[in-house]
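So the chains spell out like this:
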Amino acid sequence: MRVDETFKGEFLSSVVFDIEGGSIDGATQFVSHTPVCTLGERAVAFLWRVDNLLIAAGPETMYAITEDFAGRPNSRGRVLAESIRSNLVGGQP
(Lines give C-alpha, C1' and ligand atoms only; values in the text may rest on other atoms or scores of the structure.)
Protein backbone atom coordinates (compact mmCIF):
# COMPACT_ATOMS: atom_id res chain seq x y z
CA MET A 1 0.00 0.00 0.00
CA ARG A 2 1.33 3.46 -0.87
CA VAL A 3 1.31 5.76 2.17
CA ASP A 4 0.32 9.42 1.76
CA GLU A 5 0.25 10.34 5.44
CA THR A 6 1.10 8.78 8.79
CA PHE A 7 -0.80 9.84 11.89
CA LYS A 8 1.40 8.07 14.42
CA GLY A 9 4.71 6.24 14.20
CA GLU A 10 7.40 6.21 11.54
CA PHE A 11 6.47 7.44 8.05
CA LEU A 12 7.10 4.87 5.33
CA SER A 13 6.37 5.64 1.67
CA SER A 14 4.80 2.20 1.27
CA VAL A 15 3.88 -0.72 3.51
CA VAL A 16 3.07 -4.39 3.08
CA PHE A 17 0.64 -5.88 5.58
CA ASP A 18 -1.29 -9.09 6.15
CA ILE A 19 -5.06 -9.52 6.07
CA GLU A 20 -6.65 -12.93 6.49
CA GLY A 21 -8.46 -14.27 3.43
CA GLY A 22 -7.88 -13.37 -0.21
CA SER A 23 -8.14 -14.68 -3.76
CA ILE A 24 -6.09 -17.16 -5.78
CA ASP A 25 -6.88 -18.99 -9.03
CA GLY A 26 -10.42 -17.58 -9.12
CA ALA A 27 -11.34 -18.73 -5.60
CA THR A 28 -11.92 -16.14 -2.87
CA GLN A 29 -12.03 -16.66 0.89
CA PHE A 30 -13.60 -13.97 3.07
CA VAL A 31 -12.90 -13.97 6.81
CA SER A 32 -15.52 -12.32 9.01
CA HIS A 33 -14.53 -9.14 10.82
CA THR A 34 -11.56 -8.42 8.53
CA PRO A 35 -11.22 -5.49 6.13
CA VAL A 36 -11.54 -5.97 2.37
CA CYS A 37 -9.17 -4.03 0.10
CA THR A 38 -9.64 -3.14 -3.55
CA LEU A 39 -6.78 -2.31 -5.89
CA GLY A 40 -6.56 1.47 -6.33
CA GLU A 41 -8.79 2.23 -3.34
CA ARG A 42 -7.92 5.12 -1.02
CA ALA A 43 -8.37 4.31 2.66
CA VAL A 44 -7.47 5.13 6.24
CA ALA A 45 -5.82 2.02 7.68
CA PHE A 46 -4.96 1.15 11.27
CA LEU A 47 -2.04 -1.27 11.32
CA TRP A 48 -0.37 -3.01 14.25
CA ARG A 49 3.24 -4.14 14.29
CA VAL A 50 3.78 -7.65 15.60
CA ASP A 51 7.47 -8.54 15.46
CA ASN A 52 8.41 -7.73 11.84
CA LEU A 53 4.85 -7.91 10.45
CA LEU A 54 2.23 -5.22 9.96
CA ILE A 55 -1.27 -6.55 10.57
CA ALA A 56 -4.73 -5.16 9.81
CA ALA A 57 -7.10 -7.06 12.09
CA GLY A 58 -10.75 -6.45 12.86
CA PRO A 59 -13.62 -4.70 11.08
CA GLU A 60 -12.66 -1.24 12.33
CA THR A 61 -9.16 -1.28 10.79
CA MET A 62 -9.80 0.16 7.35
CA TYR A 63 -12.15 2.86 6.09
CA ALA A 64 -12.50 3.58 2.36
CA ILE A 65 -12.20 7.20 1.20
CA THR A 66 -14.58 7.78 -1.68
CA GLU A 67 -15.53 10.92 -3.61
CA ASP A 68 -18.88 12.65 -3.84
CA PHE A 69 -20.41 13.89 -7.11
CA ALA A 70 -18.22 17.02 -6.99
CA GLY A 71 -15.02 14.96 -6.63
CA ARG A 72 -14.47 15.85 -2.95
CA PRO A 73 -13.44 13.17 -0.42
CA ASN A 74 -16.61 11.94 1.26
CA SER A 75 -16.63 9.03 3.70
CA ARG A 76 -16.26 7.81 7.21
CA GLY A 77 -12.57 7.45 6.39
CA ARG A 78 -12.17 11.16 5.60
CA VAL A 79 -14.06 12.20 8.74
CA LEU A 80 -12.02 9.76 10.80
CA ALA A 81 -8.74 11.02 9.28
CA GLU A 82 -9.67 14.63 10.07
CA SER A 83 -10.59 13.68 13.63
CA ILE A 84 -7.32 11.82 14.16
CA ARG A 85 -5.32 14.67 12.63
CA SER A 86 -6.96 17.24 14.94
CA ASN A 87 -6.52 15.03 18.04
CA LEU A 88 -2.82 14.43 17.35
CA VAL A 89 -1.87 18.10 17.29
CA GLY A 90 1.19 18.27 19.51
CA GLY A 91 2.07 14.65 18.72
CA GLN A 92 0.05 12.89 21.43
CA PRO A 93 -3.55 11.66 21.31
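Residues numbered from 1 in each chain as written. Predicted model: local features only at pLDDT ≥ 70, side-chain atom pairs only at ≥ 80, totals over all residues. Heavy atoms only, no water.

Undergrad: Please clarify how the overall build of the protein should be interpreted in this entry.
TA: Of regular secondary structure, the protein possesses one helix and six strands. Counting from the amino terminus, helix and strand elements in the protein follow one another as β-β-β-β-β-β-α. A total of 93 residues make up the protein; the buried ones form 20% of that total. Per element, the accessible surface of the protein, about 7200 Å² overall, is 54% carbon and sulfur. (Helix = DSSP H or I, 4+ residues; strand = E, 2+ residues; numbered from the N terminus. Buried < 20%, exposed > 50% of the residue type's maximum accessible area, 1.4 Å probe, protein only. Areas by Shrake-Rupley, 256 points an atom, 1.4 Å probe, with all protein chains shown as cover.)

Undergrad: Mind showing me how you'd approach the pattern of salt bridges here?
TA: Taken as a whole and assessed by the stated rule, the structure comprises one salt bridge. Among the ionic pairs, Arg2 bridges to Asp4, the shortest N-O distance being 3.1 Å. On the basis of relative accessibility, which here comes to 64%, the residue Arg2 falls in the exposed class. (Salt bridge = Lys/Arg side-chain N within 4 Å of Asp/Glu carboxyl O.)

Undergrad: Is there a simple way to explain the layout of surface pockets in this structure?
TA: It is the rolling of a water-molecule-sized probe over the atoms that shows where space remains empty. Considering only enclosed or pocket space, the second largest pocket measures out at about 180 Å³ in volume. Along the wall of the second largest pocket there are 13 residues; nearest its centre are Gly21, Gly22, Pro35, Val36 and Cys37. Broken down by secondary-structure element, the contributors of at least two residues to the lining of the second largest pocket are β1 (22–24) and β2 (27–29). (1 Å grid on protein atoms, 1.4 Å probe; cavity = no way out; pocket = protein on both sides within 12 Å on 5 of 7 lines; lining within 4 Å. Points joined across faces, edges and corners; volume = space filled by probe spheres on them.)

Undergrad: Help me understand the environment of Ser14 in this model?
TA: Relative to the helices and strands, Ser14 is located in the segment before β1. A C-alpha to C-alpha distance of 5.4 Å links Ser14 and Met1, two positions 13 residues apart in sequence. Not counting the four nearest positions on each side in its chain, Ser14 is found in contact with Met1, Arg2 and Val3. (Contact = heavy atoms within 4.5 Å.)

This is a description of form; function is not addressed.
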